[in-house]
Amino acid sequence: MAKNDVKTLKIAQKVWKNGELINWEDARVHVMAHSLHYGSSVFEGIRCYSTKKGPAIFRLREHIQRLLNSAKIYRMETKFDCDALCEAAIRVVKESQLGQCYIRPIMFRSLDEQNPAFGVNPFPNPVDCFIAAWDWGKYLGDEAVENGVDVCVSSWTRITSNSLPAMAKASANYMNSQLIKMEAILNGFAEGIALDDRGYVSEGSGENIFVVKDGEIYTPPLGASILPGITRDSVIKIARELGIKVHETSIQRAALYVADEVFFTGTAAEITPIRSIDRITIGSGKRGEITKKLQEAFFEIVHGERPAPNQEKWLTYVEDARFYHRV
Ligand code: PPE
């Protein structure tokens, strides 16, 4: 990805920190913050889309709940509950005037500068929570959503559930993601697909993966060391509404090569088709019909032009968000 220039990138000028809004320049941490040394952070990525009724945050509550679950797994205590953090995210978006943006809540073990504690034991360190936002374009390149990307199967194995649980969206997991991503980029691919410790397909460095074969959809189960993706959940529900069968099941590496269509899902990646894997063309080498159908429904839903499946409420309209209080 291209380097971002702070002058050209649209960034929310206010960052939420432990209950208040502070300036972007002041959103800093100490070099001895626990998380910097030991990876003790959990975070989220949430998109806010433009709609006819103003900006709307996609599945905000589900993302914040996953953040709280990630924190719980790592025994991080916070006084902010789901409502408070949803409200905080809305404040950041509203204050930013960005309209569409990407929201990044992060909760981490920091440093009490008056009473510092060092070493692996995380318990003495305070937990801080920040929420920043910026306008983030297409994750895997501008044309990726339409034309698809060329990817590889990584030589790195995905983290395992009994060492680093993928169920928590923990920063430390992303060291594994970085190994996968760097190897892919240096070998000329846009992304890498990791296999789990059993050798079955797991996920991309920052995306879940779906396979289409004979009109039905297959995706690795939660037990394959995947993040329980919110876009993944959305796509499963949309597909079922469209009458397409979805199977959450173990997928062999070779099944990727002979699939009719393969695509990634993620907040940042949205729904991105994969046109080749390890230089083997997938299907026709173009975005497949089912991928396209799912994309169309997905983008209509996120822009408020189509109801979510099962009458679920997936959008939080920033303008009329009930619990927003101005500072
Ligand atoms: N797996 C991983 C490892 C992952 O990081 C993501 C999101 C997903 C699956 C999809 O989850 P969801 O966003 O709930 O559908 N990755 C986030 C971070 C990307 C980044 O580079 O940072 C994202 O898409 O926001």
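Because the structure is predicted, anything quoted here is derived from the model rather than measured.

(A) Seen up close, the site of the ligand. Taken together, 23 residues form the shell around the ligand, and within it Tyr102, Tyr139, Tyr174, Thr231 and Thr267 come nearest. Here an oxygen atom of the ligand sits 2.5 Å away from a polar atom, N or O, in the side chain of Thr267. Between the ligand and Ala268 there is a distance of 2.8 Å, counted from an oxygen atom to a backbone nitrogen or oxygen. For the ligand, whose free accessible area comes to 550 Å², the fraction covered by protein is 93%.

(B) A look at the layout of surface pockets. Within this model, the largest pocket holds a volume of roughly 1,200 Å³. Phe43, Arg104, Trp136, Tyr139 and Tyr174 are the residues nearest the centre of the largest pocket, which is lined by 47 residues in total. Broken down by secondary-structure element, the contributors of at least two residues to the lining of the largest pocket are helix H1 (34-38), strand S3 (41-43), strand S6 (101-109), helix H5 (173-186), strand S10 (201-204), helix H6 (230-241) and strand S14 (261-266). Element by element, the count of residues in the lining of the largest pocket is highest for H5, at six residues. Split by domain, the residues of the lining of the largest pocket number at least three in each of domain 1 (6-134) and domain 2 (144-287).

(C) Representation of empty space enclosed by the protein. For the structure on display, the rule yields two cavities of 30 Å³ or more. Looking at the largest cavity, its volume works out to about 40 Å³. Forming the boundary of the largest cavity are Asp260, Glu261, Val262, Pro273, Ile274, Ile282, Lys286, Arg287, Gly288 and Thr291. Of all the secondary structure elements, the ones that give two or more residues to the lining of the largest cavity are S14 and strand S15 (270-277). Looking at the lining of the largest cavity residue by residue, the classes come out as four nonpolar, two polar and four charged. When its volume is computed, the second largest cavity comes out at roughly 30 Å³. Around the second largest cavity, the lining residues are Arg47, Tyr49, Phe58, Thr231, Gly266, Thr267, Glu270 and Phe298. Residue classes in the lining of the second largest cavity are distributed as three nonpolar, three polar and two charged. For the lining of the second largest cavity, the domains that each give at least three residues are domain 1 (6-134) and domain 2 (144-287).

(D) Summary view of helix H2 (residues 60-73). Taking 1.5 Å of rise per residue, the 14 residues of H2 would be expected to cover 20 Å, and the 20 Å separating its terminal C-alpha atoms lies within 8% of that figure. Looking at H2, one finds that the buried residues are Leu60, His63, Ile64, Arg66, Leu67, Leu68, Ser70 and Ala71. A positive phi of about 55° marks Arg75, the residue just after H2.

(E) Quick peek at the pairing of strand S7 (residues 127-134). With seven of eight residues buried, S7 lies mostly within the body of the structure. As paired elements, strand S1 (residues 14-17) and S7 share two bridges and run antiparallel to each other. Residue Lys17 lies in a different strand from S7, and its bridge partner there is Phe130.

(F) Region of interest: the state of the cysteines. For the structure shown, the criterion picks out zero disulfides. Here Cys82 is not cross-linked by a disulfide; its sulfur's nearest cysteine counterpart is in Cys86, at 4.2 Å. Cys101 takes part in no disulfide bond, and the closest cysteine sulfur, belonging to Cys48, lies 4.5 Å away.

(G) Expanded view of the packing of H6 against helix H8 (residues 289-302). Axis separation between H6 and H8 bottoms out at 10 Å; the angle between their running directions is 115°. Accordingly, the angle class assigned to the pair H6 and H8 is roughly perpendicular. With respect to the hand of their crossing, H6 and H8 are arranged in right-handed fashion. Contacts between H6 and H8 involve Thr231, Val235, Ile238 and Ala239 on the former and, on the latter, Leu294, Ala297, Phe298 and Ile301. In terms of residue class, the contact of H6 with H8 is built from seven nonpolar, one polar and no charged.

Thresholds, definitions, all that
Residues numbered from 1 in each chain as written. Predicted model: local features only at pLDDT ≥ 70, side-chain atom pairs only at ≥ 80, totals over all residues. Heavy atoms only, no water. Near = heavy atom within 4 Å. Polar contact = N/O pair within 3.5 Å; in protein donor to acceptor, adjacent residues only side chain to side chain. Areas by Shrake-Rupley, 256 points an atom, 1.4 Å probe, with all protein chains shown as cover. 1 Å grid on protein atoms, 1.4 Å probe; cavity = no way out; pocket = protein on both sides within 12 Å on 5 of 7 lines; lining within 4 Å. Points joined across faces, edges and corners; volume = space filled by probe spheres on them. Helix = DSSP H or I, 4+ residues; strand = E, 2+ residues; numbered from the N terminus. Domains from an automatic or database assignment. Nonpolar A, V, L, I, M, F, W, Y, C, P; charged D, E, K, R; others polar. Expected span 1.5 Å × (residues − 1). Buried < 20%, exposed > 50% of the residue type's maximum accessible area, 1.4 Å probe, protein only. Pairing = 2+ DSSP bridges. Disulfide = S-S within 2.5 Å. Axes fitted to C-alpha atoms, helices over the stretch in contact; angles between N-to-C directions. Parallel < 35°, antiparallel > 145°, perpendicular 65-115°, else oblique. Left-handed = near helix turned anticlockwise from the far one by under 90°. Contact = heavy atoms within 4.5 Å.

Function cannot be inferred from these measures alone, as they are strictly geometric.
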